[in-house]
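Commentary on secondary and tertiary structure
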Amino acid sequence: MMEEVKEVTSTLSVDRDNINVTEVLKDGDSLTFLIVSQKLSGTGEYHVARAYDDFEWLQQHLFSQEDVPGIQGVIFPPLPAKAQVNASAKVMKQLGFLGLGEWQLYCKALETFLRQIAAHSILSKNKAVEIFLTSSDPPGRQRVRKNIFNRLSQAVEEKRKEGHKDVDQFFQTERDQNLVLAGCAKTAAERFLDVVQTEQKIAVACGHFSAALHLCVEPGEDSDKQAFSKACVKLSEVFDSMKKNMTSVAENNVSTLGLGMDLESRYQEAEKEMLFRRTCKLVELESARRNAEKAKPVKKAAMEEVKKAAETEFDHICGVAKQEIARFQGARVEMLQQALVQWCEKQLLTAKESAEQFNQHLQTLRGMA
């Protein structure tokens with residue numbers, strides 16, 4: 001079972017750029033995701049089936065690598081919120097863009113999660129990643145512990161630490177910037193989602209009006225009625241084209257910039273959690289230093305050892321965190337750039353196709369005048 005996995009250095013036998021979540025299978029209220037990974041040797045593929053609990057287990061397993069120096073300085077790839085077959089309004093709000101339409105968007109988000117773990121210089125070395133992607137055995141889920149690092153909203157004492165002044169200006173600046181960016185990224189994603197949902201409503205309304213125009217068609221030999229019916233049919237075709245255009249625009253928004261903004265928002269939260277974990281360790285270190293200073297002679301040596309251990313751990317976390325922040329800043333620029341380029345390309349293609357179609361409709365209507 002996967003709970004027994006040992007944290008030993010391993011090299012993945014899969015191509016990290018060819019990990020694909022290809023399909024989701026529904027059985028009642030349960031969802032199973034099919035993962036296909038290309039073998040690094042190029043000689044074949046691994047096919048495994050995983051439930052959401054399995055993804056969650058993998059994330060928690062990576063969180064809990066206490067023997068890996070500086071692990072709490074890692075910006076862990078964010079796992080999307082759990083999807084449900086008949087999701088409530090609350091769950092849909094948590095999912096945001098990932099709750100729209102079919103399951104392709106959600107599968108894409110899980111795929112991104114796995115690819116980023118596989119590409120991570122520290123996380124990919126955990127044997128659990130290799131087994132998760134290649135073993136047909138189901139993972140052991142009974143040992144999953146939720147929120148092993150205590151998410152930001154859970155403890156009053158930890159909320160107090162969130163505003164603790166940093167001793168390192170680099171991290172204080174990063175914390176301040178992240179606080180602003182996390183809020184902006186979340187708001188931007190929510191507003192863009194509002195735009196997409198409005199576009200979807202417009203598309204539905206155009207479809208309804210297109211169908212309603214057919215009700216105006218009247219049979220008979222009367223020339224005026226025939227002309228009116230012909231105009232209604234043509235207008236129905238125009239509004240059907242408008243529906244298709246708006247549907248395409250909304251789909252383009254979601255599959256490119258929408259997914260990019262969603263990932264950006266979740267990654268800003270992941271960085272915030274990493275910075276918060278480091279701040280908690282800073283508070284612990286300062287406490288250990290005070291205890292060592294105030295310790296009585298009989299406890300002085302022991303307190304000094306505790307202080308040294310805290311300093312070593314904190315130094316490791318800071319070292320990893322600085323590397324992670326540099327990597328993240330480069331990756332997020334590339335990710336958003338790619339999303340914007342794809343967005344422009346798709347919307348330009350849709351606009352050209354729609355312009356040609358509307359021009360044809362216009363010529364036909366002019367001919368009817």
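Residues numbered from 1 in each chain as written. Predicted model: local features only at pLDDT ≥ 70, side-chain atom pairs only at ≥ 80, totals over all residues. Heavy atoms only, no water.

Thoughts on the overall build of the protein chain
In terms of helices and strands, the protein chain carries eight helices and three strands. Secondary structure of the protein chain in N-to-C order comes out as β-β-β-α-α-α-α-α-α-α-α. Compactness check: the protein chain gives a C-alpha radius of gyration of 27 Å against a globular reference of 21 Å for 369 residues, more than 25% above the reference. By its C-alpha atoms, the protein chain is 110 × 45 × 35 Å across when sized along the principal axes. Within the protein chain, counting contacts between residues at least 6 apart in sequence, those at least 24 apart form 75% of the total. For the protein chain, the computed accessible surface area is about 20600 Å², with 53% contributed by carbon and sulfur atoms. Distance from the positive charge centre (49 side chains) to the negative charge centre (53 side chains) of the protein chain: 6 Å. (Helix = DSSP H or I, 4+ residues; strand = E, 2+ residues; numbered from the N terminus. Rg over C-alpha atoms; globule rule 2.2 N^0.38 Å. Contact = heavy atoms within 4.5 Å. Areas by Shrake-Rupley, 256 points an atom, 1.4 Å probe, with all protein chains shown as cover. Lys, Arg positive; Asp, Glu negative; His and termini not counted. Charge placed at Lys NZ, Arg CZ, Asp CG, Glu CD.)

As for the layout of surface pockets
Of the voids in this model, the second largest pocket is the one considered here, and its volume is about 1000 Å³. Lining the second largest pocket are 33 residues, with Thr 112, Gln 116, Leu 263, Met 335 and Gln 338 sitting closest to its centre. Looking at the lining of the second largest pocket, the elements that each hand over two or more residues are strand 1 (14-27), helix 3 (104-118), helix 7 (223-294) and helix 8 (297-368). When residues in the lining of the second largest pocket are grouped by element, the largest group, 12 residues, is from helix 8. Here the lining of the second largest pocket is built from residues that sort into 12 nonpolar, 10 polar and 11 charged. (1 Å grid on protein atoms, 1.4 Å probe; cavity = no way out; pocket = protein on both sides within 12 Å on 5 of 7 lines; lining within 4 Å. Points joined across faces, edges and corners; volume = space filled by probe spheres on them. Nonpolar A, V, L, I, M, F, W, Y, C, P; charged D, E, K, R; others polar.)

Some thoughts on the sheet that holds strand 3 (residues 45-51)
Spatially, the three strands line up as an open sheet ordered 1-2-3, and their pairing is antiparallel. With partners counted over all chains shown, the strands left at the sheet margins are strand 1 and strand 3, one partner each. Put simply, the sheet's adjacent strands are angled 25 degrees from each other on average, direction ignored. Its contacts with the sheet place helix 1 (residues 52-63) against strand 2 (30-39) and strand 3, and it is angled at close to 100 degrees to strand 3. Contacting strand 1, strand 2 and strand 3, helix 4 (residues 127-134) crosses the sheet at an angle of about 95 degrees to strand 3. (Pairing = 2+ DSSP bridges. Axes fitted to C-alpha atoms, helices over the stretch in contact; angles between N-to-C directions.)

Some words on the pattern of salt bridges
Throughout the structure, instances matching the rule amount to 17 salt bridges. Across the pair Glu 237 and Lys 234 runs a salt bridge whose closest N-O atoms are separated by 2.8 Å. Separated by three residues within a single helix, Glu 237 and Lys 234 lie in helix 7, roughly one turn from each other. Of the charged contacts in the structure, one is a salt bridge between Arg 266 and Asp 262, with a shortest N-O distance of 3.0 Å. Of this pair, Arg 266 and Asp 262 both sit in helix 7, separated by four residues, roughly a single helical turn. Take Arg 266: its relative accessible area is 17%, and that puts it in the buried class. (Salt bridge = Lys/Arg side-chain N within 4 Å of Asp/Glu carboxyl O. Buried < 20%, exposed > 50% of the residue type's maximum accessible area, 1.4 Å probe, protein only.)

Description of the packing of helix 6 (residues 169-213) against helix 7
Here helix 6 crosses helix 7 at 160 degrees, and the two axes come no closer than 7 Å. If you check the angle between helix 6 and helix 7, you find them roughly antiparallel. At the point where helix 6 passes helix 7, the crossing takes the left-handed sense. For the contact of helix 6 with helix 7, the per-class residue count stands at 25 nonpolar, 11 polar and 11 charged. (Parallel < 35°, antiparallel > 145°, perpendicular 65-115°, else oblique. Left-handed = near helix turned anticlockwise from the far one by under 90°.)

Points about the pairing of strand 2
Where strand 1 lies against strand 2, nine bridges are found, and the strand directions are antiparallel. The partner of Ile 19 across the bridge, within strand 2, is Ser 37. Here strand 1 folds back onto strand 2, and the loop between the two strands holds two residues, one of which, Gly 28, carries a positive phi near 70 degrees. Sheet analysis places strand 2 next to strand 3, joined by seven bridges and oriented antiparallel. Counted as the bridge partner of Ser 37 is Tyr 46 from strand 3. Connecting strand 2 to the antiparallel partner strand 3 that follows it, the hairpin turn spans five residues, and Gly 42 within it adopts a positive phi of roughly 80 degrees.

Let's talk about the domain arrangement of the protein chain
For the protein chain, the assigned domains read domain 1 (1-145) and domain 2 (160-368). With centres defined by C-alpha atoms, the gap from domain 1 to domain 2 works out at 21 Å. On the side of domain 2, 28 residues touch domain 1, which itself brings 23 residues to the contact. Each partner contributes to the roughly 2100 Å² buried at the junction of domain 1 and domain 2, and carbon and sulfur atoms together form 70% of this total. Put simply, domain 1 and domain 2 have zero salt bridges between them. (Domains from an automatic or database assignment. Buried area = accessible area lost by both parts, 1.4 Å probe.)

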